[in-house]
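# Coordinates in review
Spelled out from the first residue to the last, the chains are:
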Amino acid sequence: MRTTDAVPVSLAEIARIAGVGRAAVSNWRRRHDSFPSRIGGTDVSPQFSLAEVEQWLRSNGKLHDVAGREFLWPRFEALGSRDESGLAVAEAARRMRSPRARSHSSDLSEEARDLAGEAARLGRSEGPRETFEFLLQRWLDTHVRQLSSTPAQLASLMARIALDARLGEGTGGLTVFDPACGTGHLPVAAAQEYTGPGLALLGSERDPALAALATARLGFATETRTEVRTEIVTADALRADPFAGLRADIALCNPPFNERDWGYEELATDQRWTHGLPPRTEPELAWVQHLLAHLRPGGTAVVVLPPAVASRKAGRRIRGSLLRTGTLRAVVALPPGCAQPHSVSLQLWVLRAAPDGPASAVSGAQDALLVDATRLAKPGAREQGPDWAPLTEFVLSAVSQLDAPEGELPDGAVRIPLLDLLDDEVDVTPGRYAPAGNDPSGVELAASWEELTGSLGRLTELVQNLSRLGLSSGESRTTATVGDLVKAGALTLRAGQQPGNTATPLPRDTGLPLLTVADLLMDGTPRTEVAPGASVTVAEEGDVVVAGVVRAFRAWVHEGPPIALGPQLHVLRVDPEKLSTHFLAGCLRAPSNGRQAGTHASSSSRVDIRRLQVLQLPLQEQAAYAEAFLHLTSFTRLLTRADALGEQLAGDIGDRLAAGGLTPGR
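The notes below deal with the structure included here. Everything quoted here is computed from the prediction, not taken from an experiment. (Residues numbered from 1 in each chain as written. Predicted model: local features only at pLDDT ≥ 70, side-chain atom pairs only at ≥ 80, totals over all residues. Heavy atoms only, no water.)

## Some points on the overall build of the protein
In plain terms, the rule: Secondary structure counts use DSSP, requiring at least four H or I residues in a row for a helix and at least two E residues in a row for a strand, with both numbered from the N terminus. Two residues qualify as a contact provided that any one of their heavy atoms is within 4.5 Å of a heavy atom in the partner residue. Accessible areas in this description were obtained via Shrake-Rupley with a 1.4 Å probe; residue shielding takes into account the shown protein chains only.
Within the protein, the secondary structure is distributed over 20 helices and 23 strands. In the protein, once contacts between residues fewer than 6 apart in sequence are set aside, the share between residues at least 24 apart is 73%. As displayed, the protein offers around 31,500 Å² of accessible surface, 49% of which is attributable to carbon and sulfur atoms.

## Quick look at the nonpolar core
Stated precisely, the cut-off is as follows: Buried Ala, Val, Leu, Ile, Met, Phe, Trp, Tyr and Cys residues form a nonpolar core when they are joined through side-chain atoms within 4.5 Å. Accessible area is worked out with a 1.4 Å probe on protein chains only. A residue is then buried under 20% of its type maximum, exposed over 50%, and partly exposed in between.
Among the nonpolar cores identified, the biggest contains 50 residues, and Leu 154, Met 158, Ile 161, Val 176, Leu 252, Leu 348 and Val 395 are the most heavily contacted of them. Looking at which element gives the most residues to this core, the answer is helix α8 (residues 152-165), with nine residues. Counting 42 residues, the second-largest nonpolar core is a separate cluster that includes Ala 237, Leu 238, Leu 267 and Leu 418.

## With respect to the sheet that holds strand β2 (residues 38-41)
Rules: Whether two strands pair comes down to DSSP finding at least two bridges between them. To obtain an axis, a line is fitted to C-alpha atoms, over the contacting stretch when the element is a helix, and the angle between two such axes runs from 0 to 180 degrees between their N-to-C directions.
Reading across from one edge, β1-β3-β2 is the order of the three strands in this open sheet, with antiparallel pairing throughout. Strands with a single pairing partner mark the edges of an open sheet, and in this sheet they are β1 (8-10) and β2. On average, adjacent strands in this sheet sit at an angle of 45 degrees to one another, irrespective of strand direction. Across three bridges, the pairing between β1 and strand β3 (residues 46-49) is antiparallel. Within β3, the residue paired with Ser 10 across the bridge is Gln 47.

## Section: the pairing of strand β6 (residues 228-234)
We count it as follows: Look down the strands so they point away from you; if going from the first strand over the helix to the second traces a clockwise path, that crossover is right-handed.
In this sheet, β6 lies alongside strand β5 (residues 199-205) in parallel orientation, the contact comprising seven bridges. Looking at β6, one finds that Glu 205 is bridged to Thr 234. Between the parallel elements β5 and β6, the chain passes through helix α10 (residues 208-221) in a crossover that is right-handed.

## Quick word on the sheet that holds strand β10 (residues 347-352)
The strands that make up a sheet pair up through hydrogen bonds in the backbone, lying either parallel or antiparallel. What the nine strands build is an open sheet, ordered β6-β5-β4-β7-β8-β10-β9-β11-β12; its pairing is mixed. Of all strands in the sheet, those bounded by a partner on one side alone are β6 and β12 (413-417). Neighbouring strand axes in the sheet, compared pairwise and without regard to direction, differ in orientation by 15 degrees on average. Sheet topology places strand β7 (residues 248-253) next to strand β8 (residues 295-305); five bridges connect them, and they run parallel. Residue pairing for β8: Cys 253 is matched across the bridge by Val 303. α8 contacts β4 (174-178), β7, β8 and β10 of the sheet and is inclined by roughly 155 degrees relative to β8. Lying over the sheet, helix α11 (residues 283-292) contacts β4, β7, β8 and β10, oriented at roughly 155 degrees with respect to β8.

## Topic: the layout of surface pockets
To locate leftover empty space, one rolls a probe as large as a water molecule over the atoms. Stated precisely, the cut-off is as follows: Grid points spaced at 1 Å and placed over the protein atoms alone form the basis of the search, with a cavity being a set where a 1.4 Å probe fits but cannot get out and a pocket an open set showing protein on both sides within 12 Å along at least five of seven lines. Lining residues have an atom within 4 Å of a point. Grid points are joined across faces, edges and corners, and a volume is the space filled by probe spheres set on the points. Residue polarity is assigned by list, with Asp, Glu, Lys and Arg as charged and Ala, Val, Leu, Ile, Met, Phe, Trp, Tyr, Cys and Pro as nonpolar; anything else, Gly included, falls into the polar class.
Estimated volume of the second largest pocket: approximately 940 Å³. Taken together, 30 residues line the second largest pocket, and the ones lying closest to its centre are Arg 554, Ala 555, Trp 556, Thr 633 and Arg 637. Where the lining of the second largest pocket is concerned, the elements lending two or more residues are α17 (517-522), β20 (554-557), β21 (563-565), α18 (581-588) and α20 (619-658). With eight residues, the single largest contributor to the lining of the second largest pocket is α20. Taken together, the residues of the lining of the second largest pocket break down into 17 nonpolar, eight polar and five charged.

## Regarding helix α3 (residues 50-59)
When α3 is considered as a whole, its buried residues turn out to be Leu 50, Ala 51, Val 53, Glu 54, Trp 56 and Leu 57. Those residues of α3 that are buried lie in contact with β1, α1 (11-18), α2 (22-31), β3 and α4 (69-77). Looking one or two residues past α3, Gly 61 carries a phi angle of roughly 65 degrees, positive in sign.

## Examining the packing of aromatic side chains
As a reminder, the rule being used: Here a pair means two rings of Phe, Tyr or Trp (six-membered ring of Trp) with centres within 6.5 Å. Their orientation is stacked below 30 degrees between planes, edge-to-face above 60, and tilted elsewhere.
Per the counting criterion, the structure on display carries nine aromatic pairs. An angle of 75 degrees between the planes, with centres 6.0 Å apart, marks the rings of Trp 262 and Tyr 264 as edge-to-face. Using a relative accessible area of 23% as the deciding quantity, one classes Tyr 264 as partly exposed. Following the ring pairs from residue to residue traces out a cluster consisting of Trp 28, Phe 35, Phe 48 and Trp 56.

## A look at the packing of helix α9 (residues 185-193) against α10
Inclusion rule: Each angle receives one of four descriptions, namely roughly parallel if under 35 degrees, roughly antiparallel if over 145, roughly perpendicular if within 65 to 115, and oblique otherwise.
Where α9 contacts α10, the two axes come as close as 9 Å, and the packing angle between them is 10 degrees. The orientation of α9 with respect to α10, classified from their angle, is roughly parallel. Mapping the contact onto sequence places His 185, Pro 187 and Val 188 in α9 and Arg 217, Leu 218 and Ala 221 in α10. In terms of residue class, the contact of α9 with α10 is built from four nonpolar, one polar and one charged.

## Looking at the side chain of Thr 537
Turning to its location among the elements, Thr 537 is positioned in strand β18 (residues 537-539). Beyond its immediate stretch of four places on either side in the chain, Thr 537 contacts Arg 494, Ala 495, Gly 496, Gln 497, Ile 563, Ala 564, Leu 565 and Val 571.

## A look at the packing of helix α5 (residues 82-97) against α10
Selection criterion: The sense of a crossing depends on the near helix, which, turned anticlockwise from the far helix by less than a right angle, makes the crossing left-handed and, turned clockwise, makes it right-handed.
In the contact formed by α5 and α10, the axes pass within 8 Å of each other and the chain directions differ by 25 degrees. With respect to α10, the element α5 is oriented roughly parallel. When you trace α5 past α10, the crossing you get is left-handed. Packed against α5, whose contacting residues are Asp 83, Gly 86, Leu 87, Val 89, Ala 90, Ala 93, Met 96 and Arg 97, the element α10 presents Pro 208, Ala 209, Ala 212, Leu 213, Ala 216, Gly 219 and Phe 220 at the interface. Taken together, the residues of the contact of α5 with α10 sort by class into 11 nonpolar, two polar and two charged.

This is the structure in structure tokens:
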């Protein structure tokens, strides 16, 4: 496809287009005089002409199965305005689904309309839905600091809770309502989770670009279903309710937080405030009551709220009314990282409109379910989110007991009688009431002691083995770089790739798990997978994998089933007649090796894999080194495990001693 000279792209964008690391692009720029000249930016962040980059990549054979949409996105970004680029993506989606459609958006420039038309033509050849999702995700990633979206896993969890918690069935299928829908994550999740007949997805959004994108997204999400109605209205739902009189089966919402200018003065006498006028400082409680006003009897709402809403003094009267009427049925405290802001432990409030008939129809209405899921937080970068599989299982197992007063709750969930909550504070923060977990039994403590003793014994053996390593005579040993070994045919080197829109959250068990640098910075567990047949770099059992980022630098021998590798990860496959895999991995992961091969001094810089040094030894001598490297790896793992186990034991014993559950020995 043709591109425009005026469209600038960065080194990172070139790397993404070519499916390589940024270090590779920098290397091309240094080694090839024909690489396009800089047209803008700075020496640190240069920019290049997209058209010239495309021509150079193609003429030098650097493009392999690259979709045309990779070249399309920079042109949307070059439109400059967040709103115009978003509306242009939405317009492209409309034309993809309706090829004969003509632009009717007066908010778009001629350039944006032409680009939308070109994107629509490309989408019809490369896949309309895939092209739209690609452009939408790039738009969201570009404007992530200005937008707050609901992650797909959280949206799915909310939809499942709402569907399970509603009482009875609505007439004519399911009606889903979201008055602050953003780009439509929650309605789309409801459409995916609901498999019954008849579906209406209704929502509003005050931002025209977001509303247009939500409309486009719902169109693709429901294109294979029959009896579906979708309607997204551009409106401020609190000030000008476009769905007055609507009674939905479920309502899902992730409303804007901490907005003081939400309409307090003009809405003071609004009929929606059946539980009390929300204070000016409590806009979230206005959204809660707005949702309740649009539920049918027995309908359920699930809303994302900041934790302060559960305890702020200004909202205690409304919280008390929600509890007394049996409307607030559950509060779930989520671990940090589930959604923006990632540093905060957000909450899910599960609310239910009173059913028709006597009040006794609501089982267990004299208590509230409080669920503390914060203990499922994962270490590492919170922006990557928690481990969604166990979190979802835990929350759903707790909420499934919502109307079962005698049902067994998992550790971390508790039923609290309303009389205990309706005090002067009316604090419904789960952490105040839900136990973090049962104290370990004597058998469990003994098992932990046995494991720690065994780990310390094995550590002693490893220390003895490692202490027998002798100092060399001081003679310099010859080394070779990975690049030299590749040229000599001793190994092959392949870089991981950006899978684009083909990555989906685990578990689906239909494709290859995808390992990324972000996974390594947490616990090393893949959280996404790639579709079968996707063009990716795969590590097989026995391959050496290297992370080429300074802050996550490591090398190891892959064990287990094949796994796909993301950007900045590299797979090395050795010739067994020339190299030992464990010897190679041990040499590569030496910390000094990574520092010397780093391209910059910062922790976010890349490691040039081809510059990593490997000791040159005959194959028969490599075996002893490989064994020593294996001992060192086992030592590191056991040391980490013993540290964590010892800290946990110290905490458990301290708690039991302080509570009188243990007695000092005599």
